[in-house]
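Structural overview
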Amino acid sequence: MFETPEKVFVVMEKLHGDMLELILSSEKGRLPERLTKFLITQILAALKHLHFKNIAHCDLKPENVLLASTDPFPQVKLCDFGFARIIGEKSFRRSVVGTPAYLAPEVLLNKGYNRSLDMWSVGVITYVSLSGTFPFNEEEEIREQIHNAAFMYPPVPWNLISPDAIDLISNLLQLKKSKRYNVEKSLSHTWLQDYQIWCDLRDLESRLQERYITHESDDERWALFRQEHSLPPGPGAW
């Protein structure tokens, strides 16, 4: 930013759009699992960096998850840190933050919160991405449903979605903060430990010429997996 005596100028990077727009504009009104895994992994990578620095975003929702390009598998960037707080893993805050539909129950109930409130939001975003709907009944009070953890996985479309995805969502949408998955547990969950997603992420990193999501320590593991299953090297699978 810079300013003149009369005006203040703010220059920002121009990005393609947001994830919600992508979900609503998709043919089925929801995203394929492969793309959802790709986007969620990037959100978690961003949160890992933030949480390491004791920063909680506090307003994670699709509108604040921006896509940097129109590529089928685009880079993700988080925005809108207006509610962000400096907060430790065990310390708590009570100030009102965030957007109700994506907020953890402890925030809505004013019981104090820590960085795990971001993980609840990731659970809701994952649910919305895969199903095109919220995990709550719109006719009932959302806060009550969140408090009672009244989540539903109706046959349509959840019968078409892998049980591993449901398992991760269920571990993120835990009423008790202590039981809720943190970033590391989420990233190491079976649903996200997927060879195709690793290839997609390596392809993204090769396009950006920067390795910041995957780690070299996983290269040998996936190389062995590729050999054992007689798979061709995927894009970006160096």
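Heads up: these notes are all about the structure in this document.

Each value, and the rule that gives it
- Residues numbered from 1 in each chain as written.
- Predicted model: local features only at pLDDT ≥ 70, side-chain atom pairs only at ≥ 80, totals over all residues.
- Heavy atoms only, no water.
- Helix = DSSP H or I, 4+ residues; strand = E, 2+ residues; numbered from the N terminus.
- Salt bridge = Lys/Arg side-chain N within 4 Å of Asp/Glu carboxyl O.
- Buried < 20%, exposed > 50% of the residue type's maximum accessible area, 1.4 Å probe, protein only.
- Expected span 1.5 Å × (residues − 1).
- Pairing = 2+ DSSP bridges.
- Contact = heavy atoms within 4.5 Å.
- Axes fitted to C-alpha atoms, helices over the stretch in contact; angles between N-to-C directions.
- Polar contact = N/O pair within 3.5 Å; in protein donor to acceptor, adjacent residues only side chain to side chain.
- Patch = residues over 30% accessible without salt bridge, like charges linked within 9 Å, V, L, I, M, F, W, Y side chains within 5 Å.
- Areas by Shrake-Rupley, 256 points an atom, 1.4 Å probe, with all protein chains shown as cover.

**A look at unusual backbone geometry**
The amide bond that connects Val-156 to the next residue, Pro-157, takes the cis arrangement and shows omega of 10 degrees. Structurally, Pro-157 is set in helix α6 (residues 155-158). Backbone geometry places Asp-80, a non-glycine residue, at a positive phi of 60 degrees. Note on placement: Asp-80 falls in the loop between β6 (76-78) and β7 (85-86). One non-glycine residue, Gln-209, lies in the positive phi region at around 55 degrees. Here Gln-209 lies in the loop between α9 (195-208) and α10 (219-228).

**A look at the pattern of salt bridges**
In total, this model carries nine salt bridges according to the counting rule given. Its salt-bridge partner being Asp-200, residue Arg-34 comes within 2.8 Å of it at the nearest N-O pair. Here Arg-34, found in helix α2 (residues 33-52), pairs with Asp-200, found in helix α9; they are 166 residues apart in sequence, far enough to count as distant. Taking the relative accessible area as the measure of exposure, Arg-34 reaches 38% and is therefore partly exposed. Overall, Asp-200 belongs to the buried group, its relative accessible area being 6%. Between Lys-37 and Asp-194 there is a salt bridge, with the nearest N and O atoms lying 3.3 Å from each other. Placement of the pair is Lys-37 in helix α2 and Asp-194 in the loop between α8 (183-187) and α9, with a sequence separation of 157 residues. A relative accessible area of 10% places Lys-37 in the buried class. In this structure Asp-194 comes out as partly exposed when scored by relative accessible area, which is 22%. Connected via shared salt-bridge partners are Asp-71, Asp-203 and Arg-207.

**Notes on helix α4 (residues 116-131)**
For an α-helix, 3.6 residues make a turn, and residues three or four places apart therefore share a direction. Given a rise of 1.5 Å per residue, 16 residues ought to cover 22 Å, and the 23 Å separating the end C-alpha atoms of α4 matches this to within 8%. With 16 of 16 residues buried, α4 lies mostly within the body of the structure. Once α4 ends, the next one or two residues include Gly-132, with phi positive near 80 degrees.

**Quick look at the sheet that holds strand β3 (residues 17-18)**
The sheet built from three strands is open, its strands ordered β3-β5-β6 with antiparallel pairing. Of all the strands in the sheet, the pair left with one neighbour each is β3 and β6. The pairing of strand β5 (residues 65-67) with β6 spans three bridges and is antiparallel. The residue of β6 that forms the bridge with Leu-66 is Lys-77. On top of the sheet, α2 reaches β5 and β6; it is set at about 40 degrees to β6, its chief contact.

**A short note on the environment of Ser-69**
Locating Ser-69 in the fold gives a position in the loop between β5 and β6. Separated by 54 residues in sequence, Ser-69 and Leu-15 have C-alpha atoms that sit 6.4 Å apart. Residues within four places of Ser-69 in sequence aside, it is in contact with His-16 and Pro-74. Here Asp-71 takes part through its side chain, which lies 3.1 Å from a polar atom of the side chain of Ser-69.

**A closer look at a nonpolar patch on the surface**
Together, Met-1, Val-8, Val-10 and Met-12 line one region of the surface with nonpolar side chains, adding up to about 500 Å² of accessible area. You can call Met-12 exposed: its relative accessible area is 69%.

**Let's talk about the side chain of Glu-205**
Position of Glu-205 among the secondary structure elements: in helix α9. Look at Glu-205 and you get buried, because its relative accessible area is 2%. Setting aside residues up to four positions removed in sequence, Glu-205 forms contacts with Glu-210, Arg-211, Tyr-212, Ile-213 and Thr-214.

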